[in-house]
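Spelled out, the chains give:
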Amino acid sequence: MELFAESLTSYKRLLTKEVKVGNLLIGNNHPIRVQTMTTTDTMDTIATVEQTIRCIEAGSELVRITAPSKKDAENLLNIKNELNKRGYNVPLIADIHFTPNAAEIAARIIEKVRVNPGNYVDKKKFEQIEYTDAEYSEEIERIRERFTPLVKICKEYGTAMRIGTNHGSLSDRIMSRYGDTPMGMVESAMEFLRICRDENYHQIILSMKASNPQVMVQAYRLLIKTMDEEFGEIYPLHLGVTEAGDGEEGRIKSAVGIGTLMEDGIGDTIRVSLTEDPEFEIPVCRDIVKRYSVDRLTSSKVDGEEIDSLSTNQPINLSTTKYNPFQFNKHQTTPVENIGTGHVPVVIADFGKMQNITPQSLQGIGYTYDAALDKWHIADAAADYVYLDKQKIDFALPGTLKIIMPYHQWVENKAAHIYPIYCLEHFIAEKNVHDALNFVMIDCFNPGNKDYELLDQLKDKQYVVLCLSSTNKNAMQSVRRMCIELQQKQINHPIVFITDSNWQTADEHLIHYATETGALFLDGYGDGICLGMTQNSYDDFSKEENQLTGRIYTSPAGGGKEGAVESFLSNTAFNILQATRTRISKTEYISCPSCGRTLFDLQETTQKIRSVTHHLKGVKIAIMGCIVNGPGEMADADFGYVGSGPGKITLYKGKEIVKRNIDSEIAVDELINLLKENNAWIDA
Ligand code: SF4
């Protein structure tokens, strides 16, 4: 294994133990399973059965149902029987928090139980407690006593178990010793896993979920390393980003976290948590998983496109490179103009395929022209550069928007706000270069290619920004390989990732961009992003609306197709930067997917809150369905809107309750008041 994966330079599944969940095999190179969770009241047997069937028909291979009490756990038998009667035998999972009694009942009825080690035995009081080693060991013994009965039942009944750690709900004990860290998440699961192993029980799957993809990715990598070092074997992994939200943002956040790990062959089953009906999660899961189909892998090898292994070519060693996959360290670069260390990553809008560029064309990338005032309004998510091919712009651009064009066009159109882009070979040979900023394209296909040989000649050049792309089927790995190579050679020019997509649907594109570039940003690389589409994808884009969600992409400048792709690409780029927390340009929503505990219409409420707070750049607002898990799971939100009883909402500032059990009719207004009282509000 290389650090945390079978290979850091080509796609290779991480070998994990095999676990049987009902008739479904998970791990050990079995297909990556997709799953979701119902949102109905578990005591409403028919509603739960019908929603489960909708999920199964959408392709869910396992379905999770919340079991908050003994009564709910008992009702799982009715749900299971009704499903079987209707011809559905997909394995069911009971979701348990705080109620070992419910877990012990559910484990006798259905195929799998999920326990949260942060709250299975412990009650969260947000207390900081200092433990001596002896006291800490006593705590572990207390957990053993309370948890072992469930392990024994699972063993007896052949029931599988997920030890599902959540970043937001670590126990006070773990928080006191390890803090709110990926290591704390790992240790939280390992304490439970060691007890299972002591009982010789191995039907275990693990997860390390967080709403911050950076934390989530580091925790999974660390868990793999820890299991490998301690046991010499790895249990299957269930991947997910919690409280990812909805729409494009939810999909991108999920794909950044899940896709980053899957690119390295990690993950045996996935769930995408969206604040949408659960059946909408499945197509997203399938779009993620199909990127790793046998077909893709086989053709990659047939085409000879595996990139040279770092371990054979140049050993990757934490002491010789600054690459550290377990901790976020921003790669330091020498800034050029507004690109590089000290600046947020820039967004380059690709207008290379647009026919006619008018002031309205810029609306989709954040610039709205007011003809009456002859003034540009600039959004928080406004692109910094626009790439043109041969087009001409015959109007004055906003002052913050600069142009990039091919060298030969630039020579004929020189102006203060226009910069050239070259291929590497041309740039090295060219004498007539821009005296402030030059974009240089590098193909990261393989260490054997021409661009690799020319790298050393870049070292002494100035005013250079490198634009990295790859046509290798292991594109992310080959770009990461180049980033490490540049780091080792101490070539510190800023890096922009250029990623093209030849997928078809909007969701496929979103997932592609989020996976390929998100993984690199999470590794600390990247000073800019430019997303593009192949001509076929560009021509086909938005021909059909998304079948399930009914979303359709049109130009923001009044319908039609012109500018729709560019707008979609620019928004996607900003959403990726937001998800990787490298450039915050909007309000961050942490909304739970809802479940049988939810006390209000979460989707409708999320939309209502979004419509009045969407302009509060950088403010993190959590919208959580229940008071049992919500406060613990809302991670690092600045403000929380949490269901605390039928028709009742409790508002939080951080982890502190500020308004308890207020009427839901006035709760959104009260949230606005709370934002105002804390200087987090500005008028739209
Ligand atoms: S926070 Fe949301 S998803 Fe989690 S248990 Fe509560 S209602 Fe269910």
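Model, not experiment: these values are computed from the prediction.

### Side note on helix α15 (residues 475-488)
Part 1: Across its 14 residues, α15 extends 20 Å between first and last C-alpha, which sits within 8% of the 20 Å expected from 1.5 Å per residue.
Part 2: Of all 14 residues in α15, 13 are buried, a share of seventy percent or more.
Part 3: Of the residues flanking the end of α15, it is Gln490, one or two places downstream, whose phi is positive at about 55 degrees.

### Considerations on the confidence of the model for the chain
Part 1: Model confidence for the chain is summarised by a mean pLDDT of 89, while 92% of its residues fall at 70 or above.
Part 2: Low pLDDT (under 50) marks residues 309-313, which in the prediction has eleven contacts with non-local residues, meaning those over four places away or in another chain.
Part 3: In the predicted structure, residues 545-549 sits below a pLDDT of 50 and forms eleven contacts with residues beyond four places in sequence or in another chain.

### Structural notes on the site of the ligand
Part 1: With respect to spatial proximity, the complete set of residues near the ligand consists of Cys592, Ser594, Cys595, Arg597, Thr598, Gly625, Cys626, Asn629 and Gly630.
Part 2: Split by residue class, the shell around the ligand holds three nonpolar, five polar and one charged.

### Regarding the pairing of strand β15 (residues 402-406)
Part 1: Relative to β15, strand β14 (residues 385-387) is paired through three bridges, and the arrangement is parallel. Within the sheet, the bridge partner assigned to Tyr387 lies in β15 and is Ile404.
Part 2: Relative to strand β16 (residues 418-423), β15 is paired through four bridges, and the arrangement is parallel. Bridge pairing in β16 links Ile404 to Tyr419.

### Section: the sheet that holds strand β9 (residues 238-239)
Part 1: Spatially, β8-β7-β6-β5-β4-β3-β10-β9 is the arrangement adopted by the eight strands of the open sheet, whose pairing is parallel. Strand pairing shows two members of the sheet lacking a second neighbour, β8 (204-209) and β9, which therefore form its edges.
Part 2: Both strand β3 (residues 33-37) and strand β4 (residues 62-66) contribute to a ladder of three bridges, which runs parallel. Within β4, the residue paired with Gln35 across the bridge is Leu62.
Part 3: Along the sheet face, helix α2 (residues 70-85) touches β4 and β5 (92-96) and points at about 160 degrees away from the line of β5.
Part 4: Relative to the sheet, helix α9 (residues 281-290) contacts β3 and β10 (269-270), its axis offset from that of β3 by approximately 160 degrees.

### Here we look at the nonpolar core
Part 1: Counting 161 residues, the largest nonpolar core has Phe147, Met161 and Leu468 as its most contacted members.
Part 2: Of the residues forming this core, the biggest block, ten residues, is contributed by helix α7 (residues 213-231).
Part 3: By size, the runner-up hydrophobic cluster in this structure holds 29 residues, among which are Ala622, Ala667, Val668 and Leu674.

### Quick notes on the packing of aromatic side chains
Part 1: The tally for this structure, following the rule as stated, stands at 17 aromatic pairs.
Part 2: A centroid spacing of 4.8 Å and a plane angle of 40 degrees characterise the contact between Phe541 and Phe568, whose relative ring orientation is tilted. In this pair, Phe541 sits in the loop between α17 (535-540) and α18 (564-579) while Phe568 sits in helix α18, placing the two residues 27 residues apart along the sequence. By the burial criterion, Phe541 is buried, and Phe568 matches it.
Part 3: An aromatic cluster is present here, built from Tyr407, Trp410, Tyr422 and Phe427 joined pairwise through their rings.
Part 4: Note that Lys225 overlies the ring of Phe326, its terminal NZ or CZ placed 5.4 Å from the centroid.
Part 5: The side chain of Lys414 reaches across the aromatic face of Trp410, ending 4.5 Å from its centre.

### Points about the pattern of salt bridges
Part 1: Per the counting criterion, the structure on display carries 46 salt bridges.
Part 2: Of the charged contacts, one joins Glu50 and Arg86 as a salt bridge, the two residues approaching to 3.6 Å between their closest N and O atoms. Of this pair, Glu50 sits in helix α1 (residues 45-58) while Arg86 is found in the loop between α2 and β5, placing the two residues 36 residues apart along the sequence.
Part 3: When the shortest N-O distance is used, the salt bridge between Asp246 and Arg610 registers 2.7 Å. With a gap of 364 residues between them, Asp246 in the loop between β9 and α8 (247-263) and Arg610 in helix α19 (residues 602-613) connect regions that are remote in the sequence. Residues Asp246 and Arg610 agree in their burial class; the two are buried.
Part 4: One connected set of salt bridges, linked through shared partners, spans Glu50, Glu82, Lys85 and Arg86.

Cut-offs and rules
Along each chain, numbering runs from 1 in the same order as the chain's sequence is written. Residues qualify for local features only when their pLDDT is at least 70, as the model is predicted, and side-chain atom pairs are given and counted only at 80 or more; totals for whole chains, interfaces and linings, by contrast, use all residues. Side-chain measures here rest on the full set of heavy atoms in the structure, leaving out hydrogens and waters. Working definition: helices are DSSP H or I runs of at least four residues, strands are E runs of at least two. Numbering for both runs from the N terminus. Multiplying 1.5 Å by the residue count of a helix minus one yields the expected span of that helix. Whether a residue is buried, partly exposed or exposed follows from its accessible area with a 1.4 Å probe, protein chains only, as a fraction of its type maximum: under 20%, in between, or over 50%, in that order. Values of pLDDT, ranging from 0 to 100, describe the predictor's confidence in every residue of the model. Only heavy atoms enter the contact rule, under which two residues are in contact if any of them lie within 4.5 Å. Proximity criterion: a residue is near a molecule or strand once any of its heavy atoms comes within 4 Å of it. Residues were grouped as follows: Ala, Val, Leu, Ile, Met, Phe, Trp, Tyr, Cys and Pro as nonpolar; Asp, Glu, Lys and Arg as charged; and all remaining residues, including Gly, as polar. Criterion used throughout: strands pair if DSSP finds at least two bridges between them. Lines fitted to C-alpha atoms define the axes here, with helix axes fitted over just the stretch in contact, and angles between the N-to-C directions of these axes take values from 0 to 180 degrees. Here, the term nonpolar core denotes a set of buried Ala, Val, Leu, Ile, Met, Phe, Trp, Tyr and Cys residues that are joined through side-chain atoms within 4.5 Å. Aromatic rings from Phe, Tyr and Trp, with only the six-membered ring used for Trp, were paired whenever their centres fell within 6.5 Å, and each pair was classed as stacked if the ring planes differed by under 30 degrees, edge-to-face if by over 60, and tilted otherwise. Lysine NZ or arginine CZ positioned within 6 Å of the ring centre and within 35 degrees of the ring normal marks a charge as sitting over the ring. Within this document, salt bridges are pairs made up of a side-chain nitrogen of Lys or Arg and a carboxyl oxygen of Asp or Glu, the two lying within 4 Å of each other.

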